[in-house]
Amino acid sequence: MSRFLGFKLGVIALLSLVLLIPLAMIRGIVVDRQGQRDRVLTDIANTSSGAQRLTGPLLVVPFRKTVRETKFRAASGEPYEELSEQQGRLYFLPERLELEGRVTIEERSRGIYKARLFHSKNEIGGYFDVPAQYGLADSIADYRFDPAILAVGISDIRGIESSPKLRLNDQELPFAPGSADGLSVGGIHAALPAKDGVAGRRLTFAFSLDLQGTSQWNVTPVGRDTTVHLTADWPHPSFVGEFLPTERQIHPRGFTASWQTNVFATNMGELLNACVRSGACDAFRQRNFGVDFVDPVDQYLKTDRAIKYSLLFIGLSFAGFFLFEVLGGLAVHPVQYGLVGLSLALFYLLLLSLSEHIGFVLAYGLSASASVLLVGFYISHVLRGWKRGAGFTVGLAALYGALYGLLSAEDFALLLGSLLLFGLLAALMILTRKLDWYALAKPVAAGSDVPLP
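Residues numbered from 1 in each chain as written. Predicted model: local features only at pLDDT ≥ 70, side-chain atom pairs only at ≥ 80, totals over all residues. Heavy atoms only, no water.

## Overview of a nonpolar patch on the surface
Where nonpolar side chains cluster on the molecular surface, the patch consists of Leu14, Val18, Ile21 and Met25 and spans about 410 Å² of accessible area. For the nonpolar patch, the secondary structure elements donating two or more residues are α1 (3–18) and α2 (20–47). With respect to the secondary-structure elements, methionine 25 resides in helix α2. Methionine 25 sits in the exposed class, given a relative accessible area of 56%. (Patch = residues over 30% accessible without salt bridge, like charges linked within 9 Å, V, L, I, M, F, W, Y side chains within 5 Å. Areas by Shrake-Rupley, 256 points an atom, 1.4 Å probe, with all protein chains shown as cover. Salt bridge = Lys/Arg side-chain N within 4 Å of Asp/Glu carboxyl O. Helix = DSSP H or I, 4+ residues; strand = E, 2+ residues; numbered from the N terminus. Buried < 20%, exposed > 50% of the residue type's maximum accessible area, 1.4 Å probe, protein only.)

Right under this line is the structure:
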């Protein structure tokens, strides 16, 4: 290969690397705008209510225990009994917990940013089977029990939209603020009547709870058997947590999902005991499941993904430009390569700015169309013919279409990208299979399209 052709290819490679500078700057803008969006969404959540997690209900029985300790007098050595009082709480999980939830999504805007708030109407029911003498192995005569409490943990109490009432067996009881269970950060609780006690009884409970939140709705499956059924009008759910739905249906107007767990799968009894004994409650609180109401088209994420393909995209465009130059016997100046490369780089800035106002799909179509038309118009003059310019324009439009396909097909992006590269390489090899590269390597005379002998 002559010095001329090697120099030309080197200049093209250098231009491709130089274009990484504006692309890096555009990517920095994407990260900055994404961070600003996240700060706005966090601020909206802070002024309304954040992600919600329901924990409970739990049955809590406060107690005071008389502790008897035998000691000996220092002077005479005679034994005597010293009494002290120990305070604590007994915790009981529901045997059966059922939750029926209905969620509606509301969008709130601040400037160009939108946050999705949800309103959930939850019907919660089930029952406790409290063991006789509360399951205590010690003499129950040493215990004095305070009225039992039914406690419900709510991660963000600002989202409580109504005043719930507890239906316990055949009576209705009011809820009071605060979880009062010593485990949850916030919530509500209801004090059970003290006259009869609850040892050895079945307590059937039911109550309605209306909650507002942002982004995520979660449930901690505290029941020995837990069944949760959720219906929502959001068609793009992302199921999160340690248990996936046993059944789910997603349709254009929303979704339905059902979860079913048991104490053998969740190990909630042991986790609750560890939380009570040592205060290590993280494992207990994190054993949950739910749904994240995600944005199906995150323009910042997709723009960032598009920029990751930018060097490959520019390289393929330069390869097509160079192929037209070689097959057409034309001389294209490196400055012209640079202008085409800059127009391809500015596509990403145009995509970012438009997608914040009109959505990613329409922004991509308009940005790609503007870039294709600009480059096509310019190339028609550089290649000295509208047919050559039209051919390059069609090829560039196909590349933009392929890039959109890669961005949309998340699970098959690698496969589609590999097939695209293989197809382009095959096309290049077929088109240049009879090309005499040594002849093309000779410099072109000024004002002529024919290489010098």
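## Side note on the pattern of salt bridges
For the structure shown, the criterion picks out eight salt bridges. Between glutamate 98 and arginine 96 there is a salt bridge, with its nearest N and O atoms 3.2 Å apart.

## Some details on the nonpolar core
Within the largest apolar cluster, 62 residues are counted, with the highest numbers of intra-cluster contacts made by Leu59, Leu166, Val198, Phe205, Trp217 and Phe293. Residue contacts for tryptophan 217: discarding those within four places in its chain leaves Gln52, Leu99, Phe118, Ser120, Asn122, Val228, Leu230, Phe289, Gly290, Val291 and Phe293. Counting residues in each nonpolar core, the second largest holds 44 residues, with Ile314, Phe321, Val332 and Tyr348 among its members. (Core = buried A, V, L, I, M, F, W, Y, C linked by side-chain atoms within 4.5 Å. Contact = heavy atoms within 4.5 Å.)

## Topic: helix α9 (residues 360–382)
The first and last C-alpha atoms of α9 sit 32 Å apart over 23 residues, in line with the 33 Å expected at 1.5 Å per residue. If you check which residues of α9 are buried, you get Phe360, Ala363, Tyr364, Ser367, Ala368, Ser371, Val372, Val375, Gly376, Ile379, Ser380 and Val382. In the segment just after α9, arginine 384 is the residue with positive phi, at about 60°. (Expected span 1.5 Å × (residues − 1).)

## Topic: the pairing of strand β17 (residues 289–293)
Taken across its five residues, β17 has five buried, putting it largely inside the fold. Side-chain alternation along β17 places Phe289, Val291 and Phe293 on one buried face and Gly290 and Asp292 on a second face that is also buried. Where strand β12 (residues 216–220) meets β17, four bridges bridge the pair, whose relative direction is antiparallel. Following the sheet pairing, asparagine 218 is matched in β17 by glycine 290. With five bridges connecting them, strand β14 (residues 237–241) and β17 associate as antiparallel partners. For serine 238, the partnering residue across the bridge sits in β17 and is aspartate 292. (Pairing = 2+ DSSP bridges.)

## Looking at the layout of surface pockets
In this structure, the largest pocket spans a volume of roughly 620 Å³. The wall of the largest pocket is formed by 30 residues, among which Arg37, Lys114, Arg116, Asp295 and Gln299 lie closest to the centre. Taken together, the elements giving at least two residues each to the lining of the largest pocket come down to α2, β3 (96–110), β4 (113–129), β17, α8 (334–358) and α9. When the residues that make up the lining of the largest pocket are grouped by side-chain class, the tally is 13 nonpolar, eight polar and nine charged. (1 Å grid on protein atoms, 1.4 Å probe; cavity = no way out; pocket = protein on both sides within 12 Å on 5 of 7 lines; lining within 4 Å. Points joined across faces, edges and corners; volume = space filled by probe spheres on them. Nonpolar A, V, L, I, M, F, W, Y, C, P; charged D, E, K, R; others polar.)

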